[in-house]
Amino acid sequence: HTLCRAVFSWRFLLCLTPWTSWGGVVQLPLLVLYDADLPVPLHLQRCAHLQQYVATPGNMLLPDYGALSLYSLGCAFTYGAYVMPDRWINGVLHRYYVPIAAFNTFICTGLSCFSRFLEVDRPALSKILRTAAFVHPFVFDNIPLFYRLLFCFGEDCNWNEAVPLHLYHLFFAFLTGFLFASHLPERLAPGRFDYFGHSHQLFHVCAVLGTHFQMEAVLTDRSSRQAWLSSHSEADTLASTLGVVATAVMGNIILICFFTATLLWSPRANSILQHHIPCEAKVKEH
């Protein structure tokens, strides 16, 4: 019985792990011991952002893009396991849902890294590509949830106590995307929000809150649907679990190494990196 519970729970852990980012895995136990009263999502979010200080030169954060891509894959594992409507279980989308999500990680990492090379000459296009890189896997991962909330009615559509939590998650997710794309409120009042209330601060706060409600919703779905899903879902295989994860991790590492090498060997590397020097360093230079 204990082994069955462990096998059924492992996919939820995949949703948590990528939030530690590439460099946060070692720091996570230390942070939990240091401040054990914080909710788990806040610990994981904190770890993910520690990586910002050890990323590639010029603060380009290429490893962070890989971590976000793998987070989307973790979401696909958990949504495919616990959030998928009953009528879709063992269907075509259910079978290929996770492999497609793994392929989406390459799109996310590739587009987000490539967008950094356009930021100096074509900032508008760079912003569009980077936004699309994050929106695309989010929309795909939430297809089962969107269908369940908008188009699925009846006994096999899983209208349970997790639905309000899913709605809270979607609200904060859309608010996160809006703040990322709009640069509000500092765009309306330049200089007034340099220290507090900046869109990037609000962006991360909303991301933390959204992740909290997402995890609570998945846990609620898992507890209420575990018995039915255990008896009706097909058993996981090594290829569909660890094989997919290993392929996604290796592919994202290769992409990040490729773009990092391209950056270092590019004749325009100095101008690209100069564009990403933090504001404090630029002030010191002048």
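Remember, predicted model here, so these are calculated numbers, not experimental data.

## Things to note about the side chain of Arg-225
Next up, step 1: As for its placement among the helices and strands, Arg-225 is situated in helix 9 (residues 199-232).
Next up, step 2: Of the polar contacts made by the side chain of Arg-225, one reaches the backbone oxygen of Tyr-82; its length is 2.4 Å.
Next up, step 3: Among all residues touching Arg-225, those that are not within four sequence positions of it are Tyr-82, Val-83, Met-84, Pro-85, Asp-86, Arg-148, Asn-158 and Asn-160.

## Thoughts on the UniProt feature "binding site: Zn(2+)" (unreviewed entry) in the chain
Next up, step 1: Residues given the UniProt feature "binding site: Zn(2+)" (unreviewed entry) here are His-200 and His-204.
Next up, step 2: Residue position: His-200 is located in helix 9.
Next up, step 3: With respect to the helices and strands, the residue His-204 is situated in helix 9.
Next up, step 4: Here His-200 takes part through its side chain, which lies 2.9 Å from a polar atom of the side chain of His-204.

## Topic: the environment of Asn-90
Next up, step 1: Inspection of the secondary structure puts Asn-90 in the loop between helix 4 (62-83) and helix 5 (92-117).
Next up, step 2: Taking the C-alpha atoms as reference, Asn-90 lies 6.4 Å from Ser-233; in sequence the two are 143 residues apart.
Next up, step 3: A polar contact is formed between the side chain of Asn-90 and the backbone nitrogen of Glu-234, at a distance of 3.2 Å.

## Quick notes on the pattern of salt bridges
Next up, step 1: One pass over the full model with this rule turns up three salt bridges.
Next up, step 2: Between Asp-86 and Arg-225 there is a salt bridge, and its shortest N-O distance comes to 2.6 Å. Residue Asp-86 is located in the loop between helix 4 and helix 5, and its partner Arg-225 is located in helix 9; the two are separated by 139 residues in the primary sequence. Arg-225 shares its class with Asp-86; the two are buried.
Next up, step 3: One salt bridge in this structure joins Asp-221 and Arg-148, with 2.8 Å as the shortest N-O distance. One end of the pair, Asp-221, is in helix 9; the other, Arg-148, is in helix 7 (residues 143-150), and 73 residues separate them in sequence.
Next up, step 4: Note on Arg-148: relative accessible area 1%, which makes it buried.

## Some remarks on the packing of helix 5 against helix 10 (residues 239-265)
Next up, step 1: Interhelical geometry of helix 5 versus helix 10 gives an angle of 10° and a closest axis separation of 10 Å. It follows from the interaxial angle that helix 5 and helix 10 lie roughly parallel. The element helix 5 and its partner helix 10 pack so that their crossing is right-handed. Across the interface between the two elements, Val-98, Ala-102, Thr-105, Phe-106, Thr-109, Gly-110, Cys-113, Phe-114 and Phe-117 from helix 5 touch Ser-240, Val-244, Thr-247, Ala-248, Gly-251, Asn-252, Leu-255, Ile-256, Phe-259, Thr-262 and Leu-263 from helix 10.
Next up, step 2: Residues of the contact of helix 5 with helix 10, tallied by class, amount to 12 nonpolar, eight polar and no charged.

## Details of the packing of aromatic side chains
Next up, step 1: Per the counting criterion, the structure on display carries 11 aromatic pairs.
Next up, step 2: Plain terms: the ring middles of Phe-117 and Phe-259 are 6.0 Å apart, the flat faces sit at 40° to each other, and that makes the pair tilted. Residue Phe-117 is located in helix 5, and its partner Phe-259 is located in helix 10; the two are separated by 142 residues in the primary sequence. For the pair Phe-117 and Phe-259, one class covers both residues: buried.
Next up, step 3: The ring centre of Phe-180 lies 3.9 Å from the NZ or CZ of Lys-127, which sits over that ring.

Definitions and limits used
- Residues numbered from 1 in each chain as written.
- Predicted model: local features only at pLDDT ≥ 70, side-chain atom pairs only at ≥ 80, totals over all residues.
- Heavy atoms only, no water.
- Helix = DSSP H or I, 4+ residues; strand = E, 2+ residues; numbered from the N terminus.
- Polar contact = N/O pair within 3.5 Å; in protein donor to acceptor, adjacent residues only side chain to side chain.
- Contact = heavy atoms within 4.5 Å.
- UniProt positions renumbered as here; feature names shortened; annotations may be inferred.
- Salt bridge = Lys/Arg side-chain N within 4 Å of Asp/Glu carboxyl O.
- Buried < 20%, exposed > 50% of the residue type's maximum accessible area, 1.4 Å probe, protein only.
- Axes fitted to C-alpha atoms, helices over the stretch in contact; angles between N-to-C directions.
- Parallel < 35°, antiparallel > 145°, perpendicular 65-115°, else oblique.
- Left-handed = near helix turned anticlockwise from the far one by under 90°.
- Nonpolar A, V, L, I, M, F, W, Y, C, P; charged D, E, K, R; others polar.
- Phe/Tyr/Trp six-rings, centres within 6.5 Å; stacked < 30°, edge-to-face > 60°.
- Lys NZ or Arg CZ within 6 Å of the ring centre and 35° of its normal.

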